[in-house]
Amino acid sequence: GLAEHAGTVYWTETAPAPLKHVYHVPVLEARTTLRALAAGGGEPHSLAACEGGPAGFQGELVGVHAGRLYWLDRFGQRFSDGWAVVRSVPTAGGVPEALTVQRSVGNDAVLEGGELFFTAPSEDAGQPLSYRCLRRAPVSGGEPETLTDWLPADGRLARYRGTTYYGALDGVWTARDRLAPPTLLSDTILTAGKLVAGMGGDLYA
């Protein structure tokens, strides 16, 4: 995890479990620490700690808004479908707060202004974890609003020029800012990574 905002860089550090294969004692599991360093040097400081894993940090740092750092934490897939939780913490450090809690580690999130856009298991499919819906929620609080459903599973979100894009294995989709079916922009097969990005007036996948 790595992010930058207003001259401060944020990253994650994961310490391995002190005792392997002891999963029922939380203090003996791997731990991920969120760290920050302001421009101009000085000493890095810790913002918060959360559950880690043998493969290191599996989530993403989503961004900073109004003095809080937001990140997507993916965990728990060792014994189940796993969980994806969007958390936030003051940039000075403090107690993390959970904004969303979703089943399945294949979910994604992006932050734009004071709004959080995130995917979750489908609300309509007979097998919810096989598809994704897209939701929007203000970070200041309030009920999430569903914007679309039936997106392919395990894709990645991007916000570009006020539009939400979703890249998955079978193409690039876009969603409106009100409830409507998703639109397929390209059926090119995508393979890995942050699959959609906007820059310089163009959209890249």
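Residues numbered from 1 in each chain as written. Predicted model: local features only at pLDDT ≥ 70, side-chain atom pairs only at ≥ 80, totals over all residues. Heavy atoms only, no water.

Enquirer: Account for the packing of aromatic side chains, naming residues and giving values.
Expert: Taken as a whole and assessed by the stated rule, the structure comprises one aromatic pair. The lysine or arginine in question, arginine 103, covers the ring of tryptophan 83, its NZ or CZ lying 4.7 Å from the ring centre. (Phe/Tyr/Trp six-rings, centres within 6.5 Å; stacked < 30°, edge-to-face > 60°. Lys NZ or Arg CZ within 6 Å of the ring centre and 35° of its normal.)

Enquirer: How would you sum up the environment of threonine 91? Please name residues and give values.
Expert: For threonine 91, the location among the structural elements is in the loop between strand 7 (83–90) and strand 8 (97–103). Residues threonine 91 and leucine 69, spaced 22 residues apart in sequence, show a C-alpha to C-alpha distance of 5.8 Å. In this view, threonine 91 contacts Tyr10, His45, Leu47, Val64, Gly67, Arg68 and Leu69; residues no more than four positions away in its chain are not counted. (Helix = DSSP H or I, 4+ residues; strand = E, 2+ residues; numbered from the N terminus. Contact = heavy atoms within 4.5 Å.)

Enquirer: Tell me about the pattern of salt bridges, and please be specific about residues and values.
Expert: In a structure, side chains of opposite charge can pair up when their charged atoms sit close to one another. Using the criterion set out here, one finds 14 salt bridges in the structure. With a shortest N-O distance of 3.4 Å, arginine 103 and aspartate 81 are connected by a salt bridge. Of the two residues, arginine 103 is situated in strand 8 and aspartate 81 in the loop between strand 6 (68–75) and strand 7; the sequence distance between them amounts to 22 residues. Owing to a relative accessible area of 34%, arginine 103 belongs among the partly exposed residues under this scheme. Taking the relative accessible area as the measure of exposure, aspartate 81 reaches 42% and is therefore partly exposed. Residues aspartate 177 and arginine 159 are paired through a salt bridge, measuring 3.3 Å at the closest nitrogen-oxygen approach. Linking aspartate 177 in the loop between strand 15 (171–175) and strand 16 (183–186) with arginine 159 in strand 13 (residues 156–160), this pair joins segments that are 18 residues apart in sequence. A relative accessible area of 34% places aspartate 177 in the partly exposed class. (Salt bridge = Lys/Arg side-chain N within 4 Å of Asp/Glu carboxyl O. Buried < 20%, exposed > 50% of the residue type's maximum accessible area, 1.4 Å probe, protein only.)

Enquirer: Requested: an account of the environment of phenylalanine 75, with residues and values cited.
Expert: Examined against the element boundaries, phenylalanine 75 turns out to sit in strand 6. Classification of phenylalanine 75 by relative accessible area gives buried; the value is 18%. Between the C-alpha atoms of phenylalanine 75 and glutamine 58, which are 17 residues apart in sequence, the distance is 7.3 Å. If sequence neighbours within four positions are ignored, phenylalanine 75 has contacts with Glu51, Gly82, Trp83, Val85, Arg87 and Val105.

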